[in-house]
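In case you want the letters, here they are:
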Amino acid sequence: MLLSSFEDNHLAKMIYNRLTNSILVLLFSISLTSLFGQDQAAIEAGKTLFKNKCASCHNKDMKSKMTGPALGGAQERWGDDVALYSWIRNSAAMVSKGHPRAVAIFNEFNKGVMTAFPELTDADIANIIGYINCTAAGNCPGDTPPPPTDGGGTTASSGNSGSNTMLYVFLFVILALLAVILARIIGNLNHIAAVKELGAEAPARKTLAEILTSKGMVSFAIFALIVFGGYFTVRNAINLGRQQGYQPEQPIKFSHATHAGVHKIDCNYCHDGARRSKQSVIPAANTCMNCHKAIKVGSQYGTAELTKIYASIGYDPKGDTLIKNYDKKTDKEIEALYKGWISENYITEKGKMDSEGEALLASQWDGIVASLTDKESGDTKIQGPIEWVRIHNLPDHVYFNHAQHVTVGKVACQNCHGKVEEMDVVKQYSPLSMGWCINCHRQTEVKFADNKYYDNYYEMYHEQIKDNKRNKVTVEDIGGTECQKCHY
Ligand code: HEC
Ligand code: HEC
Ligand code: HEC
Ligand code: HEC
Ligand code: HEC
Ligand code: HEC
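Conventions used here
- Residues numbered from 1 in each chain as written.
- Chains lettered and ligands numbered in written order.
- Predicted model: local features only at pLDDT ≥ 70, side-chain atom pairs only at ≥ 80, totals over all residues.
- Heavy atoms only, no water.
- Helix = DSSP H or I, 4+ residues; strand = E, 2+ residues; numbered from the N terminus.
- Contact = heavy atoms within 4.5 Å.
- Areas by Shrake-Rupley, 256 points an atom, 1.4 Å probe, with all protein chains shown as cover.
- Core = buried A, V, L, I, M, F, W, Y, C linked by side-chain atoms within 4.5 Å.
- Buried < 20%, exposed > 50% of the residue type's maximum accessible area, 1.4 Å probe, protein only.
- Near = heavy atom within 4 Å.
- Polar contact = N/O pair within 3.5 Å; in protein donor to acceptor, adjacent residues only side chain to side chain.
- Nonpolar A, V, L, I, M, F, W, Y, C, P; charged D, E, K, R; others polar.
- Donors = N, O, S within 2.8 Å, 3.2 Å for Na, K, Ca; no water.
- Tetrahedral: all angles 85-135°; square planar, octahedral: opposite > 155°, others 65-115°.
- Disulfide = S-S within 2.5 Å.
- Axes fitted to C-alpha atoms, helices over the stretch in contact; angles between N-to-C directions.
- Parallel < 35°, antiparallel > 145°, perpendicular 65-115°, else oblique.
- Left-handed = near helix turned anticlockwise from the far one by under 90°.
- Phe/Tyr/Trp six-rings, centres within 6.5 Å; stacked < 30°, edge-to-face > 60°.
- Domains from an automatic or database assignment.
- Salt bridge = Lys/Arg side-chain N within 4 Å of Asp/Glu carboxyl O.
- Patch = residues over 30% accessible without salt bridge, like charges linked within 9 Å, V, L, I, M, F, W, Y side chains within 5 Å.

Can you walk me through the overall build of the protein in this structure?
Within the protein one finds 22 helices and two strands. Excluding contacts between residues fewer than 6 apart, the proportion of contacts in the protein whose partners are at least 24 apart in sequence is 64%. Accessible area for the protein stands at about 29700 Å²; split by element, carbon and sulfur atoms hold 60% of it.

For this particular structure, what's the right way to read the nonpolar core?
Across soluble globular proteins, you tend to see nonpolar side chains buried next to one another. F50, W78, W87, I88, L120 and I128 are the most contacted members of the largest nonpolar core, which has 27 residues in total. When residues of this core are assigned to their parent elements, the largest contribution, six residues, is made by helix α7 (residues 122-137). Not counting chain neighbours up to four residues away, the residues in contact with I128 comprise G46, L49, F50, C54 and L120. Ranked by size, the runner-up nonpolar core spans 20 residues in total, among them A285, I334, W341 and I368.

How should I be thinking about the site of ligand 1 in this particular structure?
Around ligand 1 sit 24 residues, and of these C54, C57, H58, G112 and M114 come closest. Between R77 and ligand 1, the recorded distance is 2.8 Å, taken from a side-chain N or O atom to an oxygen atom. Between W78 and ligand 1, the recorded distance is 2.7 Å, taken from a side-chain N or O atom to an oxygen atom. Put simply, the parts of the chain that give the shell around ligand 1 at least two residues each are α2 (38-54), α3 (74-78), α4 (81-89) and α6 (100-108). Considering only residue class, the shell around ligand 1 consists of 15 nonpolar, six polar and three charged.

Sorry, what's going on with the coordination of the iron atom of ligand 2 here?
Where a metal carries four tetrahedral donors, each ideal angle is 109.5 degrees; where it carries six octahedral donors, the ideal angles are 90 or 180 degrees. Distances from the iron atom of ligand 2 to its protein donors, namely H256 (NE2) and H271 (NE2), fall within the range 2.0 Å. The coordination sphere of the iron atom of ligand 2 comprises six donor atoms, whose angles at the metal cover 87 to 179°; the geometry is octahedral. With H256 in helix α11 (residues 256-262) and H271 in the loop between α12 (267-270) and α13 (273-276), this pair connects stretches of sequence that are 15 residues apart. Judged by its relative accessible area of 15%, H256 is buried.

Please explain the state of the cysteines as it appears in this structure.
Here a disulfide denotes a covalent bond joining the sulfur atom of one cysteine to the sulfur atom of another. By the definition in use, this model includes one disulfide. Across the disulfide, C134 is cross-linked to C140 (sulfur-sulfur distance 1.9 Å). Handedness of the C134-C140 disulfide follows from its S-S torsion of about 90°: it is right-handed. Overall, C134 belongs to the buried group, its relative accessible area being 8%.

Sorry if this is basic, but what is going on with the coordination of the iron atom of ligand 5 here?
Every protein donor of the iron atom of ligand 5 is accounted for by H405 (NE2) and H441 (NE2), and the metal-donor separations fall at 1.9 to 2.0 Å. Seen from the iron atom of ligand 5, its six donor atoms lie at angles of 88 to 179°, and the figure they make is octahedral. Within this pair, whereas H405 is found in helix α18 (residues 402-408), its partner H441 is found in helix α20 (residues 434-443), the two being separated by 36 residues in sequence. Residue classification places H405 among the partly exposed residues on the basis of a relative accessible area of 23%.

When you look at the packing of helix α15 (residues 306-313) against helix α16 (residues 331-350) in this model, what are you seeing that I'm missing?
What describes two packed helices is the angle between their axes and the distance between those same axes. Between α15 and α16, whose axes approach to 11 Å, the crossing angle comes to 155°. Accordingly, the angle class assigned to the pair α15 and α16 is roughly antiparallel. When you trace α15 past α16, the crossing you get is right-handed. Contacts between α15 and α16 involve T307, Y310 and A311 from the first element and Y338, W341 and I342 from the second. Residue classes in the contact of α15 with α16 are distributed as five nonpolar, one polar and no charged.

Could you clarify how one ought to interpret the packing of aromatic side chains in this entry?
Each pair of aromatic rings is reported with the distance of its centres and the angle of its planes. Applying the stated criterion across every chain, the model contains four aromatic pairs. Pairing F254 with W388 gives two aromatic rings, centres 6.3 Å apart and planes at 70°, and the pair type is edge-to-face. Taken as a pair, F254 in the loop between α10 (215-239) and α11 and W388 in the loop between α17 (355-372) and α18 lie far apart in primary sequence, 134 residues in all. Taking the relative accessible area as the measure of exposure, F254 reaches 30% and is therefore partly exposed. What makes W388 partly exposed here is its relative accessible area of 26%. Look at Y310 and Y315: their rings are 5.4 Å apart centre to centre, the planes differ by 45°, and that puts the pair in the tilted class. Just as Y310 is buried, Y315 falls in that class too.

I would appreciate a short explanation of the site of ligand 5 in the present structure.
Taken together, 22 residues form the shell around ligand 5, and within it Q404, H405, C437, C440 and H441 come nearest. Here a nitrogen atom of ligand 5 sits 2.8 Å away from a polar atom, N or O, in the side chain of H405. Breaking the shell around ligand 5 down by element, the ones donating at least two residues are α18, α20 and α22 (483-486). With four residues, the single largest contributor to the shell around ligand 5 is α20. When we break the shell around ligand 5 down by domain, the ones giving at least three residues each are domain 3 (249-282 + 392-432) and domain 5 (438-488).

How do you make sense of the packing of α4 against α7 when you look at a structure like this?
At a minimum axis distance of 11 Å, the contact between α4 and α7 shows a crossing angle of 100°. Relative to α7, the element α4 is oriented roughly perpendicular. Contacts between α4 and α7 involve L84, Y85, I88 and R89 from the former and D122, I125, A126 and I129 from the latter. Among the residues forming the contact of α4 with α7, the class breakdown is six nonpolar, no polar and two charged.

When you look at the pattern of salt bridges in this model, what are you seeing that I'm missing?
Pairing of side chains with opposite charge becomes possible as their charged atoms draw close. Evaluated as defined, the whole model comprises 13 salt bridges. Overlapping salt bridges bring together K253, E305 and K308 as one network.

Quick question: what am I supposed to make of a nonpolar patch on the surface here?
A cluster of nonpolar side chains, contributed by V169, F172, V173, L177, I181 and I185, occupies part of the molecular surface with about 510 Å² of accessible area. One can find L177 in helix α8 (residues 162-198).

When you look at unusual backbone geometry in this model, what are you seeing that I'm missing?
Both trends apply: most residues other than glycine have a negative phi, and most peptide bonds are in trans. Phi at K264 takes a positive value of approximately 50°, unusual for a residue other than glycine. Relative to the assigned elements, K264 resides in the loop between α11 and α12. Notably, V281 is not glycine yet its phi reads approximately 65°, a positive angle. Along the chain, V281 falls in the loop between α13 and α14 (285-292). Residue classification places V281 among the partly exposed positions, given a relative accessible area of 47%.

Structure (structure tokens):
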């Protein structure tokens, strides 16, 4: 009798202990998965795929049409994931099979053909659809609000959206409450077991305060704090300096849409470095002067913007010469010179100087001063190179080489920078995150054909492809995901 009651208790205790352990493990795995955002990783992956494969035809706001329809709500419209997945892999096949939705949307879009994506796995498509749905609903996890474009070149960086932080706090509170309740239940059960075993000698039941200040609870709280603190610190550190969508105002209203778009000037004409070197380089004013020696008054801003180029290098647009000893000229002399040019053009156009002209003159001169002087240092001297606001910026510990991608990899500028030739003001199109680089390296096949840079790889992989040991070679296969390739 005594023995069996002892065994009973022993068993009960063992069960409680097991229970406690597994609950704690469960709690931790729940909190860890929510913390490190499985969801967010999936959405990020979906976003990258969408950008690389779908964004050329489908609007990324998911709400308006482009070449293809707005994708928000597409999943509901199809109502059948199997059909939807087949559509995305090969829409033409669905149309020829006569699937009603496929035929309807195909006709609605004037029989435009959507690219086939046989390479997408179910998981890829699920991620893309996840991204489409949350974008349409406006609740994607980890959304970074675009930084302010106040023109000051400030780097906004507080990445967390408020709703996300709230979610974590909420989760934490729930978990903490659960932990307390469980501790209390376990305490009670332990007490009952002890009473059964030891009778009156059993220690008194622990009060809530005792439980809260017990060693276990305190170390749990400290641990949780470290995990949360570490998590948010790392998250903020990662988001620091990451600025997808960053679109600062530039000192001169230089438009890629005008230059690279309308006038079809080749990117390499100005960013010659991209083909040859690590850096792509912003062109110096001399490059601008190749054309703006001749085009001195613009059709859009007249003298307002182009005069800034002249004032920065000391070019006299009236005499078509470089001003001698420009750096020795006083602010007053410089002002007189360029105001002269601006008013001369106004008079040529309007016949005479009037109050409207005076106002224009003053405002254009203010614009030139604001663009070419450094407000922070208080320097009023109008000279020196144009201080373009840098948009793309990888951290120092990352090695990125333009020539490697543009010349060896034959990757088009637009893959990474978007349709710059349509932008009036350049905007950072890609996240420039590590996941972005790696994703592309995993997905992109190396272009071996007619590529002298790959001769030695070619031998080896050609054999394997011939023997059907592999059907493609990606950048990852040639080492593009090894840490030291990208990190110093
Ligand atoms: C070359 C342009 C193009 C690309 C790239 C493209 N689509 Fe489309 N998509 C279309 C067009 C056009 C339609 C309208 C149907 C048609 O004319 O074939 C369409 C229709 C759709 C539909 C049906 C929408 C509805 O309301 O029923 C879905 C879903 C879709 N696309 C998803 C995708 C996804 C996902 C990707 C990227 C993996 C993608 N598309 C890439 C052009 C494109
Ligand atoms: C006429 C010269 C010219 C041409 C042609 C030109 N660019 Fe630019 N580009 C500039 C100047 C000047 C800047 C700096 C001002 C700005 O950001 O708009 C710049 C900035 C950029 C930036 C942002 C750099 C940063 O700060 O991170 C990118 C990316 C870029 N250009 C890509 C392109 C691509 C792609 C093309 C071809 C489609 C192209 N450019 C054609 C002159 C040019
Ligand atoms: C290959 C020739 C070429 C080069 C190089 C070039 N531009 Fe232009 N730019 C043009 C043309 C053409 C126009 C359109 C003129 C018009 O519409 O009146 C233009 C227009 C502009 C305008 C708008 C003027 C207005 O008022 O409408 C600005 C500002 C400008 N360029 C700045 C620059 C800067 C800064 C550079 C150097 C980074 C540069 N351009 C290099 C050809 C060039
Ligand atoms: C594989 C992606 C990729 C391709 C392709 C690419 N760029 Fe870039 N570009 C980047 C990244 C990443 C940066 C930021 C580099 C840094 O901060 O060191 C950048 C920066 C720039 C800059 C800012 C100056 C600099 O070099 O840091 C310019 C201008 C630019 N790119 C123009 C171009 C042009 C023009 C092309 C096509 C000829 C091109 N890029 C092709 C990824 C790319
Ligand atoms: C649009 C696709 C794309 C993106 C985005 C991209 N890469 Fe690449 N990358 C390539 C291709 C294609 C090659 C192959 C060129 C070669 O073999 O040298 C390559 C090669 C490289 C290599 C040489 C690898 C080797 O084994 O020699 C490095 C380093 C590299 N990329 C760094 C980066 C970094 C850093 C980023 C992100 C900032 C990035 N890449 C983003 C397509 C991309
Ligand atoms: C294809 C290029 C590439 C490869 C390969 C690569 N990284 Fe990165 N890594 C990056 C870029 C780009 C960043 C900067 C991300 C940012 O600023 O958001 C980065 C950032 C980091 C950071 C800083 C934290 C962060 O996200 O900013 C760490 C740590 C890191 N990488 C470790 C590694 C390790 C370990 C490996 C090998 C398993 C590796 N990287 C391989 C491109 C690469």
